[in-house]
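Residue-level structure breakdown
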2 protein chains.
Amino acid sequence: MTRSALTGEEVLTTAARLVRARGPAALTMRRLATELGTAVTSIYWHVGNRESLLDALVERTVREMGEIRPVGRTPHARIVSVARALYTALRERPQLIAMVHERGLTERMFLPAQQALVHEMHAAGLCGETAAEAVRAVQFQVVGFVLVERNRERSPEQHPSEGELWDSPTAEHDPALARALAGPVDTERLFTVSLDALVTSLLSPGGAA
Amino acid sequence: MTRSALTGEEVLTTAARLVRARGPAALTMRRLATELGTAVTSIYWHVGNRESLLDALVERTVREMGEIRPVGRTPHARIVSVARALYTALRERPQLIAMVHERGLTERMFLPAQQALVHEMHAAGLCGETAAEAVRAVQFQVVGFVLVERNRERSPEQHPSEGELWDSPTAEHDPALARALAGPVDTERLFTVSLDALVTSLLSPGGAA
DNA sequence: ACCTGAACACCGTTCAAGT
DNA sequence: ACCTGAACACCGTTCAAGT
């Protein structure tokens, strides 16, 4: 049986599917060829080599992250919406994001969202270095949460257990804190709450950063 | 020529050196064997396989990060000192940290520093969820900075250039902001400044988070 | 223009055999 | 108890040869 002509786009799509389903390590040229029903060497004609295939995959991810648009009526709401959209998009593509980061393109990936945030900071009356720091604060908040959360998912059994924190003498007399830091935490809620707090304090005159 | 008996410790040290010098991809069992002057298969007797070798490497890194101690007279100063120490330690071992993260041990790695931060937050009068959020805020600040910074180092040519930001209509009339967000930034200073601002606002009553 | 198999230099890992 | 080489199943990549 013959298959229709192979295209670069088809290679890319199948490669992306492999990465999302089974991680970057599962993306071998031979496995990809089997998946596509072609000889390994055909892939090379279309995408060069493995490295440039990964580059193309990353490029596509960066494009997708660029489609984030603010929604809401107040600057506060619009900033929160961008941060939430970033957060969601990052969580949906953990492996691809890791690949973007490995290639040093994280900043470029964030650029459109960053420009949107700058716009909203201006609308809220911030400017100059204050606005820049506010933008970064939001960005770091998102990245930090995604990282911590992913870490919890990966190793649900080995992150600091409540027990361990209870043993710590400093936490002994503050159970609310121990609970908040150990967990299972409702990260979704925690993200919303602390993002809201952050944006509020950033936008208030003489605020946090 | 014979060599003295191989030990697990020796394998670990040489492996760590290889990773720090040339990245995790350079750590192949065969290369390691050559470096050690033994047969590949000897390594297996001492450390099991590549996976458990990496586990041991990661374990060692986690231990090293646990040696952070706060210094200074005020809670503010002691919190800042912990954050700075974390920041420095993370920057010194980028590849090993990445491996820790891959294995989902980032939180465990941060645990000692986290406990120190909890202690200082209590000393500063915070407790419960407020203290927990403050601890996380500091932690995310550090992680966020290390990530952004490492990204800049990796791809000095492709992060958003000043030119690009200038083209953006939102930044056109705010050169100070454009400068702050593009770069090259004095990240060392930026880290100090924004860490100080963060801690100040966290510790002030009715503060940021 | 597109696809192929053979071949090369690398991997990690197992295992029977040595001392 | 420790070390070895041979062998296996995998890699990515090149290249001459096909259509």
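Residues numbered from 1 in each chain as written. Chains lettered and ligands numbered in written order. Predicted model: local features only at pLDDT ≥ 70, side-chain atom pairs only at ≥ 80, totals over all residues. Heavy atoms only, no water.

1. Here's the deal with the overall build of chain A
- Each helix and strand in chain A was counted, giving twelve helices and zero strands.
- Its helices and strands in sequence order give chain A the pattern α-α-α-α-α-α-α-α-α-α-α-α, from N to C terminus.
- Taking all 209 residues of chain A together, 51% fall into the buried category.
- Contacts spanning at least 24 positions in sequence make up 65% of the contacts within chain A whose residues lie at least 6 apart. (Helix = DSSP H or I, 4+ residues; strand = E, 2+ residues; numbered from the N terminus. Buried < 20%, exposed > 50% of the residue type's maximum accessible area, 1.4 Å probe, protein only. Contact = heavy atoms within 4.5 Å.)

2. A short note on the protein's contact with DNA strand C
- Surrounding DNA strand C, one finds 18 residues, the nearest of these being Thr41, Ser42, Trp45 and His46 of chain A together with Arg30 of chain B.
- Sugar and phosphate atoms constitute 53% of the interface atoms of DNA strand C, taking the interface as everything within 4 Å of the protein.
- Contacts to DNA strand C include Thr41 of chain A, whose side-chain N or O atom sits 3.1 Å from a base oxygen.
- With respect to DNA strand C, the backbone of Arg50 of chain B contributes an N or O atom lying 2.9 Å from a phosphate oxygen.
- Put simply, the parts of the chain that give the surface near DNA strand C at least two residues each are helix H3 (40-47) of chain A together with helix H2 (29-36) and helix H3 (40-47) of chain B.
- Here the element with the most residues in the surface near DNA strand C is H3 of chain A; it accounts for four residues.
- Residue classes in the surface near DNA strand C are distributed as eight nonpolar, seven polar and three charged. (Near = heavy atom within 4 Å. Polar contact = N/O pair within 3.5 Å; in protein donor to acceptor, adjacent residues only side chain to side chain. Nonpolar A, V, L, I, M, F, W, Y, C, P; charged D, E, K, R; others polar.)

3. What to know about the domain arrangement of chain A
Residues and elements named next belong to chain A.
- If you check the domain split of chain A, you get domain 1 (1-48) and domain 2 (57-203).
- The largest contributions to the domain 1 side of the interface with domain 2 come from Leu12, Val19 and Arg20, which together make up 62% of the buried area.
- At the boundary of domain 1 and domain 2, one finds one salt bridge.
- A salt bridge links Arg60 to Glu9; the nearest nitrogen and oxygen atoms lie 2.7 Å apart. (Domains from an automatic or database assignment. Buried area = accessible area lost by both parts, 1.4 Å probe. Salt bridge = Lys/Arg side-chain N within 4 Å of Asp/Glu carboxyl O.)

4. Some thoughts on the nonpolar core
- Judged by nonpolar contacts, the single largest core of 64 residues is most densely connected at Leu27, Leu32, Leu53, Leu57 and Met121 of chain A.
- Per-element accounting of this core gives the leading share, eleven residues, to helix H8 (residues 128-154) of chain A.
- The residues contacting Leu27 of chain A, other than those within four sequence positions of it, are Ala15, Leu18, Val19, Leu32, Arg50, Leu53, Leu54 and Leu57 of chain A.
- Counting 63 residues, the second-largest nonpolar core is a separate cluster that includes Leu36, Leu90, Leu105 and Val118 of chain B. (Core = buried A, V, L, I, M, F, W, Y, C linked by side-chain atoms within 4.5 Å.)

5. Quick notes on the protein's contact with DNA strand D
- The environment of DNA strand D is formed by 18 residues, the closest being Arg30 of chain A together with Thr41, Ser42, Trp45 and His46 of chain B.
- Each atom of DNA strand D within 4 Å of the protein was assigned to sugar, phosphate or base; sugar and phosphate come to 53%.
- The contact in question runs from a phosphate oxygen of DNA strand D to an N or O atom on the backbone of Leu6 of chain B, over 3.1 Å.
- Going through the elements one at a time, helix H2 (29-36) and H3 of chain A together with H3 of chain B are the ones with two or more residues in the surface near DNA strand D.

6. Remarks on helix H8 (residues 128-154) of chain B
- Taking 1.5 Å of rise per residue, the 27 residues of H8 of chain B would be expected to cover 39 Å, and the 39 Å separating its terminal C-alpha atoms lies within 8% of that figure.
- Of all 27 residues that make up H8 of chain B, 21 are buried, and the element is covered over most of its length. (Expected span 1.5 Å × (residues − 1).)

7. Overview of the UniProt feature "DNA-binding region" (unreviewed entry) in chain A
- Here, UniProt's "DNA-binding region" (unreviewed entry) annotation points to residues 28-47 of chain A.
- As annotated, residues 28-47 of chain A has a helix share of 80% and a strand share of 0%, and its two end C-alpha atoms lie 14 Å apart. (UniProt positions renumbered as here; feature names shortened; annotations may be inferred.)

8. Remarks on the UniProt feature "domain: HTH tetR-type" (unreviewed entry) in chain A
- Summarizing the sequence annotation, UniProt attributes the feature "domain: HTH tetR-type" (unreviewed entry) to residues 5-65 of chain A in the numbering used throughout.
- Across residues 5-65 of chain A, the secondary structure splits into 77% helix and 0% strand, with the terminal C-alpha atoms separated by 30 Å.

9. Focus on helix H6 (residues 94-102) of chain A
All names here are of chain A.
- Restricting attention to buried positions, one finds in H6 the residues Gln95, Leu96, Ile97, Met99 and Val100.
- Where H6 is buried, its residues meet helix H1 (8-22), helix H4 (50-65), helix H5 (75-92) and helix H7 (106-123).
- Phi turns positive, to about 70°, at Gly104, one or two residues after H6.

10. What to know about the pattern of salt bridges
Residue and element names in this part refer to chain A.
- On inspection of all chains with the given rule, the structure shows 18 salt bridges over all chains.
- A salt bridge links Arg93 to Glu64; the shortest N-O distance between them is 3.0 Å. A residue pair is termed long-range when its members are at least 10 positions apart, and Arg93 in the loop between H5 and H6 and Glu64 in helix H4 qualify at 29 residues.
- Assessed through its relative accessible area of 13%, Arg93 is described here as buried.
- You can call Glu64 partly exposed: its relative accessible area is 28%.
- Three or more residues are tied together by salt bridges with common partners; here these are Glu51, Asp55 and Arg103.

11. A closer look at the environment of Phe110 of chain A
- For Phe110 of chain A, the position within the fold is in helix H7.
- Sequence-wise, Phe110 of chain A and Arg20 of chain A are 90 residues apart; in three dimensions their C-alpha atoms are separated by 21 Å.

12. Remarks on the packing of aromatic side chains
- For the coordinates displayed, the defined rule picks out six aromatic pairs over all chains.
- With 5.3 Å between their ring centres and 75° between their planes, Phe145 of chain A and Phe191 of chain A make a pair best called edge-to-face. Of this pair, Phe145 of chain A sits in helix H8 while Phe191 of chain A sits in helix H12 (residues 187-203), and the two are 46 residues apart along the sequence. Comparing Phe145 of chain A with Phe191 of chain A shows no difference in burial state: the two are buried.
- Between Tyr87 of chain B and Phe191 of chain B, the aromatic rings sit 3.8 Å apart at their centres with planes inclined by 10°, giving stacked as the arrangement. A residue pair is termed long-range when its members are at least 10 positions apart, and Tyr87 of chain B in helix H5 (residues 75-92) and Phe191 of chain B in helix H12 (residues 187-203) qualify at 104 residues.
- Judged by relative accessible area, which is 1%, Tyr87 of chain B ranks as buried.
- Grouped by ring-pair contacts, the aromatic residues Tyr87, Phe145 and Phe191 of chain A together with Phe140 of chain B constitute a single cluster. (Phe/Tyr/Trp six-rings, centres within 6.5 Å; stacked < 30°, edge-to-face > 60°.)

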